[in-house]
Amino acid sequence: MPSLDSIRASDARAVRDSVAVVRRVTPDDLTRPTPCAAWNLGGLLEHMTVQHRGFAAAARGAGADIALWKPEQPGPGTIRRYLTAADEVIEAFAEVTAADQEFTLPEFGTDAVFPAVRAIGFHFIDYVVHAWDVARALGDPFAPSPDLLDAALPLALAVPDGTNRRRPNAAFAPAQPHSTLRDPLARILLHLGRSPSWAPPAKYASAGG
């Protein structure tokens, strides 16, 4: 497990990468499909926003309040809410002073508590993948820094595969074969149940796709 400082720095970079992608979203884009079959782009952004807010609350000792984890309906404020929440979670993680500080994360189960360094690792991996999700929904490429992907790969590979991934509302779909690949982003996506070749339907494709 990386140090608190290193995982926090990696997470902040991943969140800022996601912000750069989300700034390209327009209100007309919110109905686009995404690699997350359960959500269109507006629903995905609201999920991403509430995850930022829930993790920020957990960093400040208030993560057990399940109301904080309920997303809003997509609408005119969706993009603005995401950008604000991204700043909030970076600020909240910056206030964490100990790697073993407890984060209560009710979405992982009743009374689920994790040390800060592990919880921030969960968040880091989520935002590498979700930034890719948003970029692909727009039909755009996504290329994080190689060193960020090097930091993300071992954490992604540590996410267990198994029957839990087949349950409704599972965080990730079952892993797909990837061990012979050298591209770290492709390996992360495949291990977490994404298809690197996913693209929006032709009517949504942009020149960047």
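Computed from a predicted model, the values in this text were never measured in an experiment.

Calculation notes
Residues numbered from 1 in each chain as written. Predicted model: local features only at pLDDT ≥ 70, side-chain atom pairs only at ≥ 80, totals over all residues. Heavy atoms only, no water. Helix = DSSP H or I, 4+ residues; strand = E, 2+ residues; numbered from the N terminus. Buried < 20%, exposed > 50% of the residue type's maximum accessible area, 1.4 Å probe, protein only. Contact = heavy atoms within 4.5 Å. Areas by Shrake-Rupley, 256 points an atom, 1.4 Å probe, with all protein chains shown as cover. Phe/Tyr/Trp six-rings, centres within 6.5 Å; stacked < 30°, edge-to-face > 60°. Salt bridge = Lys/Arg side-chain N within 4 Å of Asp/Glu carboxyl O. Core = buried A, V, L, I, M, F, W, Y, C linked by side-chain atoms within 4.5 Å.

Engineer: Any chance you could break down the overall build of the chain for me, citing the residues and the numbers?
Structural biologist: A tally of regular secondary structure across the chain gives six helices and two strands. Split into buried and exposed, the 209 residues of the chain put 49% on the buried side. At a minimum sequence separation of 6, the contacts of the chain that also span at least 24 residues come to 69%. Taken as a whole, the chain presents about 10200 Å² of accessible surface, with 53% of it coming from carbon and sulfur.

Engineer: Describe the packing of aromatic side chains, listing the residues and the values that go with them.
Structural biologist: Describing an aromatic ring pair means giving the distance of the ring centres and the angle of the ring planes. For the structure shown, the criterion picks out five aromatic pairs. Ring geometry for Phe55 and Trp69: centres 5.7 Å apart, planes at 65°, overall edge-to-face. With Phe55 in helix α2 (residues 41-59) and Trp69 in the loop between α2 and α3 (78-94), the pair connects residues that are 14 residues apart, well separated along the chain. Neither residue differs from the other here; Phe55 and Trp69 are each classed as buried. Ring centres of Phe93 and Phe103 lie 6.0 Å apart, and the angle between their planes is 50°; this geometry places the pair in the tilted category. Taken together, the positions of Phe93 in helix α3 and Phe103 in strand β1 (residues 102-104) put the pair 10 residues apart, joining distant regions of the chain. Classification of Phe103 as buried rests on a relative accessible area of 0%. Of the aromatic side chains, those joined through ring pairs into one cluster are Phe108, Phe114 and Phe122.

Engineer: Describe the pattern of salt bridges, and please don't skip the residues or the numbers.
Structural biologist: Across all of its chains, the model carries 10 salt bridges by this definition. Across the salt bridge formed by Arg81 and Glu46, the nearest N and O atoms sit 2.5 Å from each other. You can see Arg81 sitting in helix α3 and its partner Glu46 sitting in helix α2, a full 35 residues away along the chain. As far as burial versus exposure is concerned, Arg81 and Glu46 are alike and both buried. The partner of Arg60 in a salt bridge is Glu95, with the nearest N and O atoms 2.9 Å apart. Within this pair, whereas Arg60 is found in the loop between α2 and α3, its partner Glu95 is found in the loop between α3 and β1, the two being separated by 35 residues in sequence. Note on Arg60: relative accessible area 47%, which makes it partly exposed. If you follow the salt bridges from partner to partner, you end up with Glu46, Arg53, Glu72, Arg81 and Glu88 in one network.

Engineer: Can you lay out the nonpolar core for me, pointing to particular residues and giving the numbers?
Structural biologist: Note on soluble globular proteins: their nonpolar side chains tend to be buried together. Of all hydrophobic cores here, the largest spans 59 residues; its most connected members are Leu45, Phe103, Phe124 and Val134. When residues of this core are traced back to their parent elements, those giving at least two are α1 (4-22), α2, α3, α4 (116-138), α5 (146-157) and α6 (184-191). No other element matches α4, which puts 15 residues into this core. Contact partners of Phe124, with chain neighbours within four places excluded, come to Ile7, Ser10, Asp11, Ala14, Leu148, Ala151, Ala152 and Leu155.

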